[in-house]
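# Structural description and commentary
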Amino acid sequence: MYLTKEKKEEIFVTHGGAATNTGSTEGQIALFTFRINHLTEHLKKNRHDYNTERSLVKLVGKRRSHLDYLKKKDINKYREILKTLNIRK
C-alpha cells in the first residue's frame, strides 16, 4: 500500500505539529496532497480508470474546501502551506 502508517505519521508531524494531531487543517491538506499526487501518477498510466478519476476529483474538492477555510482563518498559514506543498493558486 502506498500510504503506510509511518508515512501518515510523518506527514502529520511535518505539517500538523504532532502525529496524534490528525485533525489539523494543515495536516489534512498535506495528506490530501500526498494522495492526489499518488492518484495523478496512477492515472497517467491507467487512462481509462474512471473510478480513480472520480476519487481524484472528490479529493481535489475536499482539499480546496480545506484551503478556503484556512484562508479565512489564517492567511499566513495558508500562504505557507501553498509554498511548502507546491500547490498552484
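In this text the structure is predicted, and so the values were computed from the model without any measurement.

### With respect to the pattern of salt bridges
- Inspection of every chain in the model, using the stated rule, returns four salt bridges.
- Ionic pairing is found between D68 and R64, a salt bridge with its closest N-O pair at 3.3 Å. Of the two residues, D68 and R64 both sit in helix α3 (residues 50-73), four residues apart, roughly one turn of that helix.
- Here D68 falls in the partly exposed class, since its relative accessible area comes to 37%.

### Looking at the layout of surface pockets
- Estimated volume of the largest pocket: approximately 220 Å³.
- Surrounding the largest pocket, T33, N37, V60, R63, R64, L67, L85, N86, I87 and R88 form its lining.
- For the lining of the largest pocket, the elements supplying multiple residues, two or more each, are α2 (25-45) and α3.
- Among the elements that line the lining of the largest pocket, the one with the most residues is α3, at four residues.

### So, helix α1 (residues 5-16)
- Taking 1.5 Å of rise per residue, twelve residues should cover 16 Å, and α1 covers 15 Å from first to last C-alpha, within 8% of that figure.
- Of all the positions in α1, only I11, F12 and G16 are classed as buried. Seen from one end, α1 has its buried residues packed into an arc of 95°, which puts them on one side. Opposite its buried face, α1 presents the exposed residues E6 and T14, each directed more than 90 degrees away.
- Looking one or two residues past α1, G17 carries a phi angle of roughly 105°, positive in sign.

### Side note on the packing of α3 against helix α4 (residues 75-85)
- Between α3 and α4, the least distance of the axes is 6 Å, while the angle of their chain directions is 140°. In terms of their interaxial angle, α3 and α4 are classed as oblique. Listed contacts from α4 to R64, L67, L70, K71 and K73 of α3 are I75, K77, Y78, I81 and L82.
- For the contact of α3 with α4, the class distribution of residues is six nonpolar, no polar and four charged.

### Details of the nonpolar core
- I29, L67, I81, L85 and I87 are the most contacted members of the largest nonpolar core, which totals 13 residues.
- If you list the elements that add at least two residues to this core, you get α1, α2, α3 and α4.
- Residue contributions to this core peak at four residues, all from α4.
- Counting six residues, the second largest nonpolar core, distinct from the first, contains F32, I36, L39 and L59.

Reading the values: the criteria
- Residues numbered from 1 in each chain as written.
- Predicted model: local features only at pLDDT ≥ 70, side-chain atom pairs only at ≥ 80, totals over all residues.
- Heavy atoms only, no water.
- Salt bridge = Lys/Arg side-chain N within 4 Å of Asp/Glu carboxyl O.
- Helix = DSSP H or I, 4+ residues; strand = E, 2+ residues; numbered from the N terminus.
- Buried < 20%, exposed > 50% of the residue type's maximum accessible area, 1.4 Å probe, protein only.
- 1 Å grid on protein atoms, 1.4 Å probe; cavity = no way out; pocket = protein on both sides within 12 Å on 5 of 7 lines; lining within 4 Å.
- Points joined across faces, edges and corners; volume = space filled by probe spheres on them.
- Expected span 1.5 Å × (residues − 1).
- Arc of directions from axis to C-beta.
- Axes fitted to C-alpha atoms, helices over the stretch in contact; angles between N-to-C directions.
- Parallel < 35°, antiparallel > 145°, perpendicular 65-115°, else oblique.
- Contact = heavy atoms within 4.5 Å.
- Nonpolar A, V, L, I, M, F, W, Y, C, P; charged D, E, K, R; others polar.
- Core = buried A, V, L, I, M, F, W, Y, C linked by side-chain atoms within 4.5 Å.

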